[in-house]
Amino acid sequence: MRRAAAGRSVPASDGPDRVTGRFPYAIDLTPSGCLHAALVRSPHAHALLRAVDTTAARRQRGVVTVITGADLERWAASPDVYAGAPFPYFGPVLPDRPVLAIGRVRFAGEPVAAVIARDLDTARAAAATIQVDYEPLPAVFTPDAAMAPDAPRLHERIPTRDVMTFPDLVLHTEDGGNVCNHFRLRRGDVDAGFAAADHILSHEFRTPQQQHVPLEPHVTIATVRGDAADIWTSAASPFTVRSQVAETLRMPESRVRVRILNVGGAYGAKTYPRLEPLVAVLAWAVEGRPVRVELTRAEEFVTVARHSSLVRIRSGFTDDGTLLARRVEILWGAGAYADISPRTIKNGGYSAAGPYRIPNVSIDSYAVYTNTTPAGGFRGYAIPQVAWAYENHTDLIAQSLGLDPVELRGRILLTGGDAFATGQLIEDFHLTDLLGAVTRRLGWDAGPAGTRRREVAPGIVRGRGVATILKTTVTPSTSTVVLKLDEEANLTVLCSTVEIGQGARTVLAQLAADATGVPLERVHVTYPDSATTAWDQTTSSSRSTLMMGVAVERAGVALRARLAALAAPLLGISESEVEVDGGKIRAVAASLTAGATSVGTGPVGGGSPDADFAAGRTFTYAEVLERARAGGLEVCEVHASDGGLDPDTGQGVVTPHFYHAAAGAEVEVDLETGAVRVVDLHVETYAGRVIHPTFAELQCEGNVAFGVGQALSETMRWGGDTGRLLTDSLLEYRIPSVRDLPDHFTVGMTEDPAGPAGARIHGLGETGSPAVPAAIGNAVAEALGRHAHELPLHPERVWALARLGAATGEEPIPDAPATDAPATGAPPADDPRVSR
């Protein structure tokens, strides 16, 4: 019997290309006759555009044209003169972002003008000559500042579409001010839960804007000829790009072709169109010639970022730690334009309840415009921000009760059959087991806060902490695949899953090989091309192996059925008596015995069997295709998940199944400098079924690196006279190097205890990441005797916290009154519930 491909670390299908430098990326492409564009960007966080003088730039030798937001307005206003003029605004949810700034800039780095020239040096030199007259306006950089009654309003109105661009959207854009969407969840009777509680604790936690820093920056090449557009880009969702470019260029989606090669990292930065609409408009302006835009590292920082957050969380609980009620208010810094925020804050909103059994929950989640880089999805999709809050909060509850934080979690974690905050029933959920694996790996000493604190040298203390999280994947969701078996029995998998470094092409080839019986070395997975590959929703949300993988497995079953249908007449038996497996086709043993004397009498359904086939031989797929004169086979299959939430209560189905992980960390804190060193760390993630162990392990290790950076160093800061970004290079914005990773760390992938047969695939690409900063934060809290309420835990912050802890000690935060009134403004300066 042929050995299964899935479950083994087979060689990467594109391994030789990776190590020899032949691995193709969009950034390597420069078509013949290609023009290049450079962008002029605003130095101001908020300002009126009084004038944009492009005279000198247009006179530069080699400049083809210069485009401004005023041109976009003029073209759109005169459709009779400018036939098919582009739509000036775009956005994955709300079309509120101008392709180039129109009348006003809303963040430092917003594109104001584009210079198209024969080469990039000329374009950049000409761009430097453009003079812009700005009238600065007041700016707001945090979501709570933007919610203040006297805050400047960034948008006079919030534009919407007639149709929902994503089936899982829950839109409430009517709050006014700088709120572009408000998600709310209501379950049970929160007031009654608080009234019955023995204790009520309230806390406030913050996280900053952070950047994805993919190795390959955004790059797009667009060509527009007549009523058709051709796009090469470094995007993770080709059909989302196609839809947005079609809307921008006012043409049918079928006239937009989007092609994607390998993508050099994404982490959420390339899931939704940000560069493609602009480059498509530039290509429209120079019809027939390709236009190329490649962002610099500094431009990446002002193109997309992770949401900053302010989480106010209050829980009521009994003396034994049983949670009775939770109320959460979250303010998300959406940046200057909505981007995907209306969707992101829904996921972060319902997830703020955490992986805990809570019968009464009230959550208000707000996407708030700020004068910063527009925020998008980021590895973990809003879970890192809320997990930082609810896991610190959980440790503080344990501390107030004198309980071991692991013991408390064991009492309140969700288990199979419980209901999540949205009302969805929990199944295939093993978080208690994952936490046990973490504590065993770390050698956890049971006891309340401080039990594991120890001084290892004068002024050097250690502490340990744990964290548990759950996350969802986009729901409803759809993936489609086409399998093509040629006359030589080579299999081509036509799908639009994007290779972004996760090994998707190898993993899908493994699944296809097992599902069809075609040897792995004869399976080829194509690159996405919207003109030829099957539709897929997105390569994000840790969904590809689950959604596209199941579609591939279903298509494999269908392909084998087609082969059986071809072979049955040749064998003189029914299709159900044909065995198709391992690249071979034969009659099942019972059929051979029963049909031994019937050769020549005709197959079921009429016709004459092939004598060689009827004699009981085994045949290859290629032989059957040849004898049946089929030439090849093609099958198409779809895998879709169902779900959705009530727009008023947030109740419903949010995921096919819940992803979950636990992390534990041991840290060392220098009380004199505030420096934090992660000494040991373990992350245990539930995988269900692992397809490629090495790729899966690497994904989990990547989660560790991301989590460490978020915990200790990464933050975007805005300031100066104009409100510019102060951390727009990797000198100021410090991502972790290998030397910054824990001295010792491990990752574990728990599989279905019942075994691989029937086990479901759980996403690994981001599941473990949100648990890491929270575990590190809780470990630092034990070392210091005081919790930090804001990330990152850089030395200055930790030093100040150590000084504060040494002077006052960690005081239990007093019970807060239970009230259902959301605190949308900043808390009073003397509010004892807030650590500053």
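Our subject is the structure listed above.
In this convention, every chain numbers its residues from 1, walking through the sequence in written order. Whole-chain, interface and lining totals are the exception, using all residues; otherwise, since this is a predicted model, local features are given only for residues with pLDDT of at least 70 and side-chain atom pairs are given and counted only at 80 or more. Remark: hydrogens and water are excluded; side-chain values derive from all non-hydrogen atoms of the structure.

Trainee: Explain the packing of aromatic side chains to me, and be specific about the residues and the numbers.
Mentor: Two rings from Phe, Tyr or Trp (for Trp, the six-membered ring) form a pair when their centres sit within 6.5 Å of each other. Planes less than 30 degrees apart are called stacked, planes more than 60 degrees apart edge-to-face, and all others tilted. All told, the structure shown has 14 aromatic pairs when counted by the stated rule. Both rings, one in F166 and one in Y272, keep their centres 5.8 Å apart while their planes meet at 85°; by these two values the pair is edge-to-face. With F166 in the loop between α5 (143-146) and β9 (179-187) and Y272 in the loop between β13 (256-259) and α8 (276-285), the pair connects residues that are 106 residues apart, well separated along the chain. Considered together, F166 and Y272 belong to a single accessibility category, that of buried residues. Here the aromatic cluster, defined as three or more aromatic residues joined through ring pairs, consists of F183, Y350, F420 and F658. Taking NZ or CZ as reference, R343 lies 4.1 Å from the ring centre of F166, over its face. Secondary structure is summarised from DSSP: a helix means a run of H or I of at least four residues, a strand means a run of E of at least two, and numbering begins at the N terminus for each. Using a 1.4 Å probe on the protein chains alone, a residue whose accessible area is under 20% of its type maximum counts as buried, one over 50% counts as exposed, and one in between counts as partly exposed. Only lysine NZ and arginine CZ atoms are considered, and such an atom sits over a ring when it is within 6 Å of the ring centre and within 35 degrees of the ring normal.

Trainee: I'd love a proper account of the sheet that holds strand β26 (residues 632-641), names of residues and values included.
Mentor: Judged by pairing direction, the sheet is mixed, and its 4 strands sit side by side in the order β22-β21-β20-β26 without closing on themselves. Lying at the two open borders of the sheet, with one neighbouring strand each, are β22 (523-525) and β26. Taken over all neighbouring pairs, the strand axes of this sheet differ in orientation by 20° on average, direction set aside. Only strands that DSSP links by at least two bridges are regarded as paired with each other. Relative to strand β21 (residues 491-494), strand β20 (residues 477-486) runs antiparallel, the two sharing 4 bridges. Axis definition: a line fitted to C-alpha atoms, over the contacting stretch in the case of helices. Angles run 0 to 180 degrees between N-to-C directions.

Trainee: So what's going on with the sheet that holds β9? Which residues, and what values?
Mentor: One open sheet accounts for 5 strands, arranged β9-β17-β16-β15-β10; its pairing is mixed. Pairing within the sheet leaves two strands with one partner each, and these edge strands are β9 and β10 (199-207). Pairs of neighbouring strands in the sheet enclose a mean axial angle of 5°, with direction left out of account. Both β9 and strand β17 (residues 360-369) contribute to a ladder of 8 bridges, which runs antiparallel. Within β17, the position partnered with R184 by the bridge is D364. The contact criterion used throughout is that any non-hydrogen atoms of two residues lie within 4.5 Å. Sheet strands touched by helix α10 (residues 341-351): β9, β16 (323-335) and β17. Its angle to β9, the strand with the most contacts, is close to 25°.

Trainee: Describe the packing of α10 against helix α11 (residues 383-401), and please don't skip the residues or the numbers.
Mentor: Put simply, α10 and α11 touch, their axes get as near as 9 Å, and they point 25° apart. One element, α10, and the other, α11, form an angle in the roughly parallel class. Crossing hand, α10 versus α11: right-handed. The segment α10 lies against α11, with N347, G348 and S351 engaging I383, V386 and Y390. Lys, Arg, Asp and Glu make up the charged group, whereas Ala, Val, Leu, Ile, Met, Phe, Trp, Tyr, Cys and Pro make up the nonpolar group; the residues left over, Gly among them, are polar. A breakdown of the residues in the contact of α10 with α11 according to their chemical character gives 3 nonpolar, 3 polar and no charged. An angle below 35 degrees is treated as roughly parallel, one above 145 as roughly antiparallel, one from 65 to 115 as roughly perpendicular, and anything else as oblique. By definition, turning the near helix anticlockwise from the far helix through less than a right angle yields a left-handed crossing, and turning it clockwise yields a right-handed one.

Trainee: Before we move on, can you summarise the nonpolar core with the specific residues and values?
Mentor: Among buried residues, those of type Ala, Val, Leu, Ile, Met, Phe, Trp, Tyr and Cys that are joined through side-chain atoms within 4.5 Å constitute a nonpolar core. Core analysis: the biggest nonpolar cluster contains 114 residues, and V669, I776 and L793 have the highest contact counts within it. The dominant element in this core, judged by the number of residues it contributes, is α11, at 10 residues. Look past the residues within four positions of V669 in its chain and what remains in contact with it is G459, I460, V461, A675, V676, V780, A783, L784 and V798. Within the second largest apolar cluster, 43 residues are counted, among which are V493, L511, A513 and V578.

Trainee: Just give me the short version of the pattern of salt bridges, but keep the residues and values in it.
Mentor: Here, a salt bridge means any side-chain nitrogen of Lys or Arg that lies within 4 Å of a carboxyl oxygen of Asp or Glu. Within this structure, the stated rule accounts for 46 salt bridges. The partner of E135 in a salt bridge is R50, with the nearest N and O atoms 2.2 Å apart. Of this pair, E135 sits in strand β8 (residues 131-136) while R50 sits in strand β2 (residues 47-53), and the two are 85 residues apart along the sequence. Since its relative accessible area comes to 32%, E135 is described here as partly exposed. With a closest N to O distance of 3.3 Å, E666 and R464 form a salt bridge. In this pair, E666 sits in strand β29 (residues 659-670) while R464 sits in strand β19 (residues 460-471), placing the two residues 202 residues apart along the sequence.

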